[in-house]
Structure formats: structure tokens, C-alpha cells
Amino acid sequence: MKSGQRWHYKLAALALATALCIVPSLSFAEEGESKVGWDVGLKMWVATWQAPLLFLSSSGDALAMKSQTTALLGPTATIGFKTSDSDWFHHVWFNGTYLTSAGDFDFDFNKTAYGYRSVKADRQDVNLIAGVNVYGGLSAYAGYFGSFQDVKYTTTTSTTVNREINAFVVGLAGHEALSDHVDLKGNAGVAVGSYQYRAQNSSGGSTTAAPKDLYGWSTEVGLNIHANMKKFDPYFYLGMRVQEYEVPQKLTNGQTLRYTDITYGPMFQIGAKF
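Residues numbered from 1 in each chain as written. Predicted model: local features only at pLDDT ≥ 70, side-chain atom pairs only at ≥ 80, totals over all residues. Heavy atoms only, no water.

Novice: Even after reading the chapter, I still don't get the overall build of the chain, so can you show me in this structure?
Specialist: Scanning the chain from N- to C-terminus turns up 2 helices and 13 strands. Evaluated residue by residue, the chain yields a buried proportion of 40% over its 274 residues. In the chain, once contacts between residues fewer than 6 apart in sequence are set aside, the share between residues at least 24 apart is 62%. Approximately 14,500 Å² of the chain is accessible, and the part contributed by carbon and sulfur atoms is 60%. (Helix = DSSP H or I, 4+ residues; strand = E, 2+ residues; numbered from the N terminus. Buried < 20%, exposed > 50% of the residue type's maximum accessible area, 1.4 Å probe, protein only. Contact = heavy atoms within 4.5 Å. Areas by Shrake-Rupley, 256 points an atom, 1.4 Å probe, with all protein chains shown as cover.)

Novice: Please explain the environment of Tyr235 as it appears in this structure.
Specialist: As for its position among the elements, Tyr235 is in strand S12 (residues 233-250). Accessibility expressed as a relative area gives 7% for Tyr235, which makes it buried. With 36 residues separating them in the primary sequence, Tyr235 and Gly271 have C-alpha atoms 5.6 Å apart. Those residues in contact with Tyr235, other than ones at most four positions away along the chain, are Asp39, Val40, Gly41, Asn224, Ile225, His226, Gln269, Ile270, Gly271, Ala272 and Lys273. One polar contact links Tyr235 to Gln269, side chain to side chain, over a distance of 2.7 Å. (Polar contact = N/O pair within 3.5 Å; in protein donor to acceptor, adjacent residues only side chain to side chain.)

Novice: Would you mind going over the pattern of salt bridges with me for this structure?
Specialist: Close approach of charged atoms lets side chains of opposite charge pair. One pass over the structure, following the stated rule, counts 4 salt bridges. We note a salt bridge from Arg123 to Asp125, for which the minimum N-O separation is 3.0 Å. Exposure class is identical for Arg123 and Asp125. Each is buried. (Salt bridge = Lys/Arg side-chain N within 4 Å of Asp/Glu carboxyl O.)

Novice: Would you mind showing me how to read the packing of aromatic side chains here?
Specialist: Each aromatic ring pair is specified by the distance between its two centres and by the angle formed by the two planes. Taken as a whole, this structure holds 9 aromatic pairs when the rule is applied. Ring geometry for Trp38 and Phe274: centres 6.5 Å apart, planes at 45 degrees, overall tilted. Pair noted here: Trp38 is in strand S1 (residues 36-55) and Phe274 is in the segment after strand S13 (256-273), with a separation of 236 residues, a long-range link. Taking the relative accessible area as the measure of exposure, Trp38 reaches 11% and is therefore buried. Here a set of aromatic residues connected by ring pairs shows up, and it is made of Trp38, Phe232 and Phe274. Sitting over the face of the ring of Tyr237, Lys185 holds its NZ or CZ atom 5.8 Å from the ring centroid. The ring of Trp45 has Arg241 sitting right over it, with the charged end atom 5.6 Å from the ring centre. (Phe/Tyr/Trp six-rings, centres within 6.5 Å; stacked < 30°, edge-to-face > 60°. Lys NZ or Arg CZ within 6 Å of the ring centre and 35° of its normal.)

Novice: Would you mind showing me how to read the pairing of strand S5 (residues 105-108) here?
Specialist: On a regular strand, one side chain projects to one face of the sheet and the next to the other, so that they alternate. Alternating residues of S5 divide into Phe105 and Phe107, all buried, and Asp106 and Asp108, none buried. Note: strand S2 (residues 62-67) against S5, 2 bridges, orientation antiparallel. Among the inter-strand pairings, Lys66 is bridged to a residue of S5, identified as Asp108. One ladder, built from 2 bridges, connects S5 with strand S6 (residues 118-135); its direction is antiparallel. Within S6, the residue paired with Phe105 across the bridge is Ala121. (Pairing = 2+ DSSP bridges.)

Novice: Explain the nonpolar core here, please?
Specialist: Side chains of nonpolar character tend, in soluble globular proteins, to be buried together. Ranked by size, the top nonpolar core spans 20 residues in total, and within it Leu53, Met65, Phe105, Phe107, Val119 and Tyr153 carry the most contacts. Of all the secondary structure elements, the ones that give two or more residues to this core are S1, S5, S6 and strand S7 (138-154). For Phe105, the contacting residues outside a window of four places in its chain are Ala47, Trp49, Ser67, Gln68, Thr70, Leu72, Val119, Lys120, Ala121 and Arg123. (Core = buried A, V, L, I, M, F, W, Y, C linked by side-chain atoms within 4.5 Å.)

Novice: Any chance you could explain the environment of Asp233 here in plain terms?
Specialist: Along the chain, Asp233 falls in strand S12. Exposure remark for Asp233: the relative accessible area of 9% places this residue in the buried category. With 194 residues separating them along the chain, Asp233 and Asp39 place their C-alpha atoms 9.3 Å apart. Engagement of the side chain of Asp233 in a polar contact is seen with the side chain of His226, the distance being 3.0 Å.

If you want it as C-alpha cells, here you go:
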């Protein structure tokens, strides 16, 4: 993806995520506080990314490269509908989150040994999730996860590889009040989907690979500190998130390599419930 197209994509996704924050409140304001609730915030993932970005032999062996820490940040919005006064299946909810890298991920490696001046990546992650409270603070959820990554390899010339992940995710999420102002929150999920890439060189040529199967998982746990106010409840969240996926690659000799990609780091969020 060229840099101009990249920023057009970012602005469009940012506008869509912002609309997720605004439109529900306009559409359902008359339903009343007891039936509809909102959670709108700004999320920041201070992430370290380790990915198999260099392939060193014809057998497909990959060098897992680790990036310097870079922030992924963007808006998140959740709308919840009260469906019951009992402890069972009492809410359904929908979440949209868009995160984009504040700067390029800069991957560390032995530049002299492999002939590259730099390997850098731009990345956007999208989540569209629907969930239901099963009992108390425990929810089950399902939805879509997408990650769109532009990896730029620079020698005397440059090549950009567009990596795209599209996956179906399912999991469990929960929260438990530790005090009037502090909640423990967490989630864990698995993903099944596809991985595809397209390489673009500086002369304008491109090569598109066939989609490959992808499997993954993620988990997050943290503390939510809030004012415990009725109509407008501001909060600050601090947690830790780990996200991993792998792409199995079967070789001509019958062996299977598993390219593992992992992102981890602290998660911050400021926002309000109303």
C-alpha cells in the first residue's frame, strides 16, 4: 500500500470508528438509561511485535525479527442493551475498535549480515465484536479481527510487502468488582482465518501469494479504575495484552513449518460510561 493510500485508509477507518461512538447515542437516546449503555474511549497498546519477516533458506526457515516498542492507538466504542433483570443473559453488546500504529515498527536485526538497511512496518488492527452476558459479569463473544500491515524492506532499493489477516474470533470476557472504584477485567479468545501477502518492488512490479490458513489466540487482563458515578462514569484502564497467531506452511519434503507472529505489551484506555 502506497503512503498516500495508507493515510486515506487510516482516515476512513478512523471516521468509521468515530461514527460507532456517535451514531448509537443519536439513534437510541430515547430508550432510556436503564435499557441502553455506552462505553466510549481512546485505547493505546504499547506493543512489541515479533514476526517472521526474513526467510533465510530455500527450505523456508524464517528469522523472527523483534521490533522496538511502538504504540497502536485509536478509538473504541461499545453499546450494550439490557435484556433481562435476572443474572442470566441480562445484556447483549457490540464493540468496534480501530488501532493504528503511531509510528513505524522498526525491527532490530543484524543489518550487515542480511544486507538490509532497515525493515519497518506500518499496521492497523480492526475488531468488530458482538457478545452476550451469560451470567453475572461473564460474557461470550464472537466477531471479526483484521490486521493490515505494510512491511518495507530497504537495501539500495525498497520493497513493500502488504500483509493481510482476516479472522473469525470467539472467546470469553469477564469483569469483577474489587471495590467501589476498581474492577478486574479480562478476556481470552481464539481465532481462525486467513493470511495473505502481496510484494511490491520499487519498479512497480508486484507478486501476490495465495491465501494461507491461520490460527491464533489472545488474552488480556487488567484493572479498571472509575469514579463510580451514575449518569457519566469516567475511567482509566491499565492492562496487559498478548496476541499470537501462526501460519502452518507445508514443505515439499513433507515437513510443516509454523510461522509464529506475536504482539505483546501494556494496554491503556481512558473513557467514560454513560
